[in-house]
Structures are given as structure tokens and as C-alpha cells.
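Observations on the model geometry
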Amino acid sequence: MSPLSMREIRTNAKSSDVGRLTRDQIQPAVEDVLRKTSFVDVHTHLFAPAFDGLGLWGIDELLTYHYLEAELFRSSDITGEKYWPLAKQDKAEVIWRALFVENSPVSEATRGVIAVLNAFGLPTDKPDLREARAFFAAQRPEKHVQRVFDMAGVSEVVMTNDPLDPQEAPLWERGVESRPQFHAAMRLDQIVNSWSKYWGVLAEQGYRADENVSGDTAAEVRRFLCDWYERMHPVEMAVSLPDTFRYPEESARCKLLREAILPSCREFKIPLALMIGARYQVNPTLRLAGDAVGKADLRALENLCRDFPENRLLASILSRENQHELCVYARKFSNLMPFGCWWFLNNPSIVEEITRERIEMLGTSFIPQHSDARVLEQVIYKWRNTRRTLAEILARSYRLLAENGRKVTWLDIQNDVTRLFRSNFERWTGIRTSGLG
Ligand code: RAT
Ligand code: ZN
């Protein structure tokens, strides 16, 4: 069925019942709204073009995505010792051959590459990558970014910005040009998870920090956060945490959260995003692909929500087993905003299950998805897949609502989709985002 316009829907309706969608009109109306609404991508690893050398794009980056590197070692006999020293283009060719030529690319991550190639009218079944490489080499970054965002239906993205990254930090210090399409997120994994390794780095930079987080340390970490707030103007602070994360406990991590990070978030009126449940480097030979997942004890999140009612928390939990509890906690604590189906959860079958559960338990008071894109063009397939999965789920919810006796209109759907994919984040972070689609 072709997309419905507001006018068509209105003229279809009886005058006593203006705007009511019939059962058959609901799904096309949902698809139409999802297509026309541009989303805010609330967590990515993308960089604005001004971050010279940090932003990844093009076919070789798409193919060497760590999700695909993990799959490579299952479908090829190549060893890590042989693979890792290869040049990027050679790695891409090894992956193309193993996962796309010798096998059908039916996994979520491989299908994604096919969808991107297809979106640009590039061949999806050639044994070599010549045409794709020539196409991407001919693109001018600025224009290409805009085109990709348009194709993906996103108006802006949130980056992941590490103030202790030796490549990234100097760019901020020099004063990188800000872009309204790219929001900063101050990512604090190193400080929070490896304080014993990083307190010395802060000390070298002139902050009076010590290993035990005693004396002036918390105040000095706040000074560090404030200096970086001034440089980045982040929309949030963020940290990923292991499945073993506990709060409260006697640890540098908990002291830093309680005495430095959460107070700074309150001071700057920005949320803290907690991404809980990673098991870091269970197989270090896979490098970036070597992390796994573990079920977390969400009492830590409960305690944070209760002890810090003035802080707004965003939470994405990696284990499928934790998702129902997360919804229950969100019902208990209005300072908690669940977001996204993170990493190993970002597969249609699991996204469907989690999103249905969230709608049933939280209505539209959550943020359904983020892309986690590391390579620019990934937003094309990741957001297409999200729209496809969400269309079914939302349409089903509206059909049930109609059966229960409530009129469903195009405007209701537009309001809900805008809330889910834009204004929940806008309200949480206090940003006024651009171009409501
Ligand atoms: O999904 C990913 O790309 C992971 O490697 C992680 O980066 C994760 O998303 C994170 O932000 O820690
Ligand atoms: Zn991420």
C-alpha cells in the first residue's frame, strides 16, 4: 500500500470520526511516520569530519568492523597471528571472501554491509571490491556525511568522546569545530574502571589525585570534568560497566561515581549514561571483538536511582536476562530512562522481544534504539532495520488499542514516534535538537 497522507486519511474518515485509522490503515501509517521522522541517534562511535583521522567510513572500514572480525574466525581457518598484521585493505578482502563470497551473508552484521552496498547501487555479489572502493574514494566527507544521514533518517548523532584518548584529546584541546549534527558524550570508562592505571595520568596533568581517591581527589576529578565540560559541551557523561558492577561498595569506582561524576552531572544538568553488562576481553586474541556479556545485578542501578533522585540516568543493559528487571526499575524510578538494544541485543528477534516488553510496561517513556555505529554508513542499515522491526511492533500495539476501543490517528502515531526517537532524549539531556522531521 502506498504511503498515506494526512489528507487521504482525513477524507477516508467519516465526518463524525475524523482521523480514525482503520485496522488496515494502521501499519502503512506507522511505516509512513517512521520513514518521515528523523531520529536522534543517542549512542554511536562516529566522529564529525573535523575530527581528522578519527571518523571511519567506506567499504574497508565496513568490512573490518569488529562484529565481522568475530564472525571471520568462525568461517575461515585464518589465525589471529596471520590476520592482525595485515593491512586494512587485505583484512577487508579476507573478510569479504570468507563471509560474503564463500558463504551467504545472512547474519545481521553481514547483511548490513549488503544493505549499504545496495543503498548506493553498488554490486553485492562481485568477488572483488574494486567498484565499491572507487565509489567511496570519490566521496567528499562533508557531503557524504549529510547524504548518509539523510539516507538513514537521522538528523543528529551522539559521539563517544574520551578525554584521555591520546589521539582525540589534543583535537579538543586545540579547539575542534563544533557541528550541530554531532553531539559530544564524555565517556569515562578509563577513569571509572581503571582508576589504578589512570589516576597518575590526571596527576601528570596537574590534578591533585591519588590512588585511594582520598584527600582532594574527588574535588580534583570534578575540576578535571569541569575543564572537559568546557571543551566538549557534552550532552551527557557516559560509562560502560562490567556485569560485576556493584553499588555501593568500597571501591575507587563507587567513590568516583558518588563524589565526582554524579555531582558534576548535577552541576552541569546533564544525565549519566550507564551501559552495564560487558565482560571485557574474555578472548583477548580477538582484540576489540574480544568482549562478551554477563548478567548483571541491577540492584546497583536500583541503589543509584534511589540514592541520587536529582540525577537523570540513562541505562542500556547488555544481557537479555536483565531486560525485564530494567523495565520494572524504570517503573519504580522516574529518573531512569532505558535506552537501546545494545550490541549483542541489536538483532531483530531480540529487539522485537525487548521493545514489545518495554511498550507493554513503559508505554512510550523509553528510547527504543541507538545505532552504536562505528563506521559512518552503518547508520543506513542499522536504522533501516530498526524502522522495519519497530513498524510491526508499533502497528500491533495500535491495532490492540483500536480493538480495545480507542481511536488511533496519524497524529497520535506521529507524537509517539517523535517522543520515542527524539523528545525523550531531548528532555533528558536538555538539548534542543534540530529539525523535527
Ligand atoms: O558495540 C560496540 O561497538 C562495542 O564495541 C562497544 O563499543 C560498546 O558499544 C561500547 O560503547 O562500549
Ligand atoms: Zn558503543
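First, a word on scope: everything that follows refers to the structure included in this document. (Residues numbered from 1 in each chain as written. Chains lettered and ligands numbered in written order. Predicted model: local features only at pLDDT ≥ 70, side-chain atom pairs only at ≥ 80, totals over all residues. Heavy atoms only, no water.)

1. Let's talk about the nonpolar core
What counts here: The set of buried Ala, Val, Leu, Ile, Met, Phe, Trp, Tyr and Cys residues whose side-chain atoms join them within 4.5 Å is what this entry labels a nonpolar core. For every residue, the accessible area obtained with a 1.4 Å probe (protein chains only) is divided by the maximum for its type, and the residue is called buried under 20%, exposed over 50%, and partly exposed between those limits. Contacts are residue-level and defined by heavy atoms, with any inter-residue pair within 4.5 Å sufficient.
Met-237 and Leu-336 are the most contacted members of the largest nonpolar core, which has 144 residues in total. In contact with Leu-336, other than residues within four places in its own chain, are Leu-301, Cys-305, Leu-313, Ala-315, Leu-326, Tyr-329, Ala-330 and Trp-428. Core analysis: the second largest hydrophobic core is formed by 5 residues, Leu-345, Ile-350, Val-351 and Ile-354 among them.

2. Observations regarding the packing of helix 13 (residues 217-232) against helix 14 (residues 252-268)
Put simply, the rule reads: Think of each axis as a best-fit line through the C-alpha atoms, taken over the contacting stretch in the case of a helix, with angles from 0 to 180 degrees between the N-to-C directions. Starting at the N terminus, helices and strands are each numbered in turn, a helix being any DSSP run of H or I of at least four residues and a strand any DSSP run of E of at least two. In a left-handed crossing the near helix is turned counterclockwise from the far helix by less than a right angle, and in a right-handed crossing that turn is clockwise.
Two elements in contact, helix 13 and helix 14, have axes separated by 9 Å at closest approach and are oriented at 35 degrees. Crossing angle aside, the handedness with which helix 13 passes helix 14 is right-handed. Along the contact surface, helix 13 presents Ala-218, Val-221, Arg-222, Leu-225, Cys-226 and Tyr-229, while helix 14 presents Leu-256, Glu-259, Ala-260, Ile-261, Pro-263, Ser-264, Glu-267 and Phe-268.

3. So, the sheet that holds strand 1 (residues 39-41)
Operational definition: Strand pairing requires that DSSP identify at least two bridges connecting the strands.
The 3 strands are arranged 1-2-3 in an open sheet whose pairing can be described as parallel. This sheet does not close on itself; its edge strands, each paired only once, are strand 1 and strand 3 (182-183). With 3 bridges connecting them, strand 1 and strand 2 (residues 154-158) associate as parallel partners. In the sheet register, Asp-41 faces strand 2, and the bridge partner there is Val-157. Contacting strand 1 and strand 2, helix 18 (residues 378-403) crosses the sheet at an angle of about 125 degrees to strand 1.

4. Quick look at the layout of surface pockets
Put simply, the rule reads: A 1.4 Å probe that fits but cannot get out identifies a cavity on a 1 Å grid over protein atoms alone, an open set with protein on both sides within 12 Å along at least five of seven lines counts as a pocket, and a residue lines either if it has an atom within 4 Å of a point. Grid points are joined across faces, edges and corners, and a volume is the space filled by probe spheres set on the points. Each residue is assigned to one of three groups, with Ala, Val, Leu, Ile, Met, Phe, Trp, Tyr, Cys and Pro labelled nonpolar, Asp, Glu, Lys and Arg labelled charged, and all others, Gly among them, labelled polar.
What the largest pocket holds in volume is close to 1,400 Å³. Together, 42 residues line the largest pocket, and His-45, His-66, Asp-165, Leu-288 and Arg-374 are the ones closest to its centre. Every element with two or more residues in the lining of the largest pocket is listed here: helix 4 (66-75), helix 6 (88-101), helix 11 (189-193) and strand 6 (272-279). Here the residues of the lining of the largest pocket sort into 16 nonpolar, 13 polar and 13 charged. Its boundaries defined by the atoms lining it, the second largest pocket holds a volume of some 370 Å³. Forming the boundary of the second largest pocket are 17 residues, of which Tyr-381, Arg-384, Asn-385, Arg-387 and Arg-388 lie nearest the centre. Counting residues per element, the ones that place at least two in the lining of the second largest pocket are helix 2 (23-36), helix 7 (108-119), helix 9 (141-152) and helix 18.

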